[in-house]
Amino acid sequence: MRKKLVAGNWKMHGSLRQNARLLDALVAGAGGMRCDIAVFVPCPYLAQAQRVLSGTPVAWGGQSVSEHDAGAFTGEVSAAMLGDFGCRYVLVGHSERRTLYGEGDDAIARKFAAARRVGLVPVLCVGETLAERRDGQTEAVVSRQLQAVVDHVGSAGLVGAVVAYEPVWAIGTGVTATPGEAQAVHAAIRARVALADAALAADLRIVYGGSVKPQNAAELFAQADIDGGLIGGAALVAGDFLAICQAASKLGTD
Ligand code: PEP
């Protein structure tokens, strides 16, 4: 049985003062939840997250990572650096990185591998644009994005990793995939991984992201292949994020 994961992506939001309030509220509310919880904070706040969250049920991670281990790469942050600040997870291939910063499938696969080299859990984001969905390309796009990583690290490289299905048209738009739409893509991702390794596919956590709110979380998370959520906007409001965690916790396993 896969344990649900609820992870908040703060994107480029926050300040020391705002974060302190939010993190304290998360720690206060996270006790006893029967799901894994994590927050992806901007890099400058990793030390704060480490200080406040160490020894609590809330894990933390970075929002992106360099494909390189070290060197003359101004502005980049290596996987080992994230590890130095206690990160367990790192987002790889978020659609904003793909579209705004031109990260392609191959670069994302190399980032995934860099995260693995130091023992971070990569959360690989995949998802189609609205045009691609209308064109009937959803499964093809998601499969291509996943396959680029498998080509680079092998299917064994997915063991213990997380896949986040995030339809681009649902991110930050208030439009959510219906539970049925999301479940269909999650099932397709799992089936694709099963072609290479059925046991790996059965254990792989596939979370959904795209306008998850307290109002729709329970129904999404109840789908057979939806193992939690990657939460953007609602992760900035402690009460909303904790309500989403609660929805996962109710369906969770210890
Ligand atoms: C995200 O940032 O990955 C995301 C899913 O955002 P939102 O929940 O705001 O759609």
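Predicted, not measured: the structure shown is a model, and the values here were computed from it.

Engineer: Tell me about the site of the ligand, and name the residues and values.
Structural biologist: The full set close to the ligand counts 14 residues, and Lys 11, Glu 166, Gly 172, Ser 211 and Gly 232 are the nearest of them. Lys 11 places a polar side-chain atom, nitrogen or oxygen, 2.9 Å from an oxygen atom of the ligand. Contact with the protein chains covers 98% of the free accessible surface of the ligand, which is 290 Å². Each residue belonging to the shell around the ligand can be placed in one class, and the counts come to four nonpolar, eight polar and two charged.

Engineer: Describe the pairing of strand 1 (residues 5-9), with residues and values.
Structural biologist: Of all five residues in strand 1, five are buried, a share of seventy percent or more. Burial of strand 1 is two-sided: the residues Leu 5, Ala 7 and Asn 9 facing one way and the residues Val 6 and Gly 8 facing the other way are all buried. By the bridge criterion, five bridges tie strand 1 to strand 2 (residues 36-40) in an arrangement that is parallel. Paired with Val 6 across the bridge in strand 2 is Ile 37. Pairing analysis gives four bridges linking strand 1 to strand 8 (residues 228-231), with the strands arranged parallel. Paired with Val 6 across the strands is Gly 229, a residue of strand 8.

Engineer: Can you explain helix 8 (residues 179-196)? Please cite residues and give values.
Structural biologist: Quick reminder: α-helices carry 3.6 residues per turn. Residues three or four places apart thus point the same way. Over its 18 residues, helix 8 runs 26 Å from end to end, which matches the ideal 26 Å to within 8%, given 1.5 Å per residue. Considered for burial, the residues of helix 8 that qualify are Pro 179, Ala 182, Gln 183, Val 185, His 186, Ile 189, Arg 190 and Val 193. Viewed along the axis of helix 8, the buried residues span an arc of 165 degrees, placing them on a single side of the element.

Engineer: Residue-level account of unusual backbone geometry, with values.
Structural biologist: Unusually for a residue other than glycine, Lys 11 sits at a positive phi of about 50 degrees. Positionally, Lys 11 belongs in the loop between strand 1 and helix 1 (16-30). One non-glycine residue, Ser 211, adopts positive backbone phi at about 55 degrees. Looking at where Ser 211 falls in the secondary structure, it is placed in the loop between strand 7 (205-209) and helix 10 (214-221).

Conventions and cut-offs
Residues numbered from 1 in each chain as written. Predicted model: local features only at pLDDT ≥ 70, side-chain atom pairs only at ≥ 80, totals over all residues. Heavy atoms only, no water. Near = heavy atom within 4 Å. Polar contact = N/O pair within 3.5 Å; in protein donor to acceptor, adjacent residues only side chain to side chain. Areas by Shrake-Rupley, 256 points an atom, 1.4 Å probe, with all protein chains shown as cover. Nonpolar A, V, L, I, M, F, W, Y, C, P; charged D, E, K, R; others polar. Buried < 20%, exposed > 50% of the residue type's maximum accessible area, 1.4 Å probe, protein only. Helix = DSSP H or I, 4+ residues; strand = E, 2+ residues; numbered from the N terminus. Pairing = 2+ DSSP bridges. Expected span 1.5 Å × (residues − 1). Arc of directions from axis to C-beta.

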